[in-house]
Amino acid sequence: MHSPQRHPGSIDFEPTDLSEARKVLDLLPDGVVDPTTTAEFWIGRRRKPEPTDRALSGSAIDWLVKLPRIVRPTALSEQYPRIVNSLAHAWSDRQRCDELLASLRADQRNRRKGFAPAIKLEVERLRAFRTTIR
């Protein structure tokens, strides 16, 4: 069998699947650690803790009471009062509230587990309810 003639300086190519090639491009070089997997990375990016991080604010409690019982985020309030405080504050600003609810639905923190199913359901109910309000 006759092999094709090669020209000096030419590059040999190997057929490959596009999805496999993309996976290879997403890999970090040997010896390089993904900084988003380290605790130090996230600690340096967190905002300074505030008193309202651990308890519901008065305005958040007022907001919760005004919500229909079916959409009231009780588990979120108990486990993440800081988030409920932020939602209550943003509720009257449609764009800001929609952005906040969207960010809660899609975890952007790489390799984090995200919310428990009950919390995800509450966030989704709030988002759906928010779309019905002018």
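Residues numbered from 1 in each chain as written. Predicted model: local features only at pLDDT ≥ 70, side-chain atom pairs only at ≥ 80, totals over all residues. Heavy atoms only, no water.

For the rest of this paragraph, the subject is the overall build of the chain. The secondary structure content of the chain amounts to seven helices and zero strands. Starting at the N terminus and walking to the C terminus, you meet the elements of the chain as α-α-α-α-α-α-α. Residues counted as buried form 24% of the 134 residues belonging to the chain. Contacts in the chain between residues at least 24 apart in sequence constitute 64% of all its contacts with a sequence separation of at least 6. (Helix = DSSP H or I, 4+ residues; strand = E, 2+ residues; numbered from the N terminus. Buried < 20%, exposed > 50% of the residue type's maximum accessible area, 1.4 Å probe, protein only. Contact = heavy atoms within 4.5 Å.)

Counting residues in hydrophobic clusters, the biggest one holds 20 residues, and the most contacted among them are Trp 63, Leu 67, Leu 76, Leu 87 and Leu 126. Elements that contribute at least two residues to this core include exactly α3 (58-66), α4 (74-79), α5 (81-90), α6 (94-105) and α7 (117-131). Ranked by residue count, the leading element in this core is α5, at five residues. When near neighbours in sequence (up to four residues on either side) are disregarded, Leu 126 contacts Trp 63, Leu 67, Val 71, Pro 73, Leu 87, Trp 91 and Leu 101. (Core = buried A, V, L, I, M, F, W, Y, C linked by side-chain atoms within 4.5 Å.)

Moving on, we come to α3. For an α-helix, 3.6 residues make a turn, and residues three or four places apart therefore share a direction. For α3, every residue scored as buried is listed here: Ala 60, Trp 63 and Leu 64. The buried residues of α3 all sit within an arc of 100 degrees when viewed along its axis, so they share a single face. Turned more than 90 degrees from where α3 packs its buried face, Val 65 and Lys 66 sit exposed. (Arc of directions from axis to C-beta.)

Before going further, it helps to spend a moment on the side chain of Ser 77. Tracing the backbone through its elements, the reader meets Ser 77 in helix α4. Among the residues examined, Ser 77 registers a relative accessible area of 11% and is labelled buried. In this view, Ser 77 contacts Leu 56, Leu 64 and Val 84; residues no more than four positions away in its chain are not counted.

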